Amino acid sequence: YFSNVSGELADLLDIAIIGQDGTELYSGKMSELTFNRSNPPASTDSALSVGEKRILKLSIGFPESATSEYAGAYLSFDMVADAVQKKNNEARIFD
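Here the structure is a predicted model, which is why all the values come from computation and not from measurement.

So, how was this worked out
- Residues numbered from 1 in each chain as written.
- Predicted model: local features only at pLDDT ≥ 70, side-chain atom pairs only at ≥ 80, totals over all residues.
- Heavy atoms only, no water.
- Pairing = 2+ DSSP bridges.
- Helix = DSSP H or I, 4+ residues; strand = E, 2+ residues; numbered from the N terminus.
- Axes fitted to C-alpha atoms, helices over the stretch in contact; angles between N-to-C directions.
- Salt bridge = Lys/Arg side-chain N within 4 Å of Asp/Glu carboxyl O.
- Buried < 20%, exposed > 50% of the residue type's maximum accessible area, 1.4 Å probe, protein only.

**Q** For the sheet that holds strand 2 (residues 14-18), give the residues involved together with the corresponding values.
**A** Spatially, 3-2-4 is the arrangement adopted by the three strands of the open sheet, whose pairing is antiparallel. Only two strands of the sheet have a single neighbouring strand rather than two, namely strand 3 (24-29) and strand 4 (57-61). Within this sheet the neighbouring strands show an average axis-to-axis angle of 10°, counted without direction. Looking at chain direction, strand 2 and strand 4 are connected through five bridges and run antiparallel. Across the sheet, residue Ile15 finds its bridge partner in strand 4, namely Ile60.

Next up, the structure:
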């Protein structure tokens, strides 16, 4: 997800995040892809194995319908990757 999103292009640019299997994890505006604990954006329930990595494709598009009013506009953001360890030790309590 993105945090600290600012600038005139935040509500204009189209974002898509595609998993390595081609599954679309997110599609929408940059300003909408922010953290929401009850409905995490671009998330998956499939766990990573030890040493496994996943490659995601991030596409940022400028709508053809945008006018010249956006000339010189900017966008600033931080990209955040958040992970949660799954329970893997049945003999212990895991919160």
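Structure's up, so let's keep going.
**Q** Can you explain the pattern of salt bridges? Please cite residues and give values.
**A** Counting across every chain of the model gives two salt bridges. Where Lys29 meets Asp14, a salt bridge forms, and the shortest distance between an N and an O atom there is 2.6 Å. Of this pair, Lys29 sits in strand 3 while Asp14 is found in strand 2, placing the two residues 15 residues apart along the sequence. The class for Asp14 is partly exposed, based on a relative accessible area of 33%. Salt-bridge contacts for Arg54 lead to Glu52; the nearest nitrogen and oxygen are separated by 3.6 Å.

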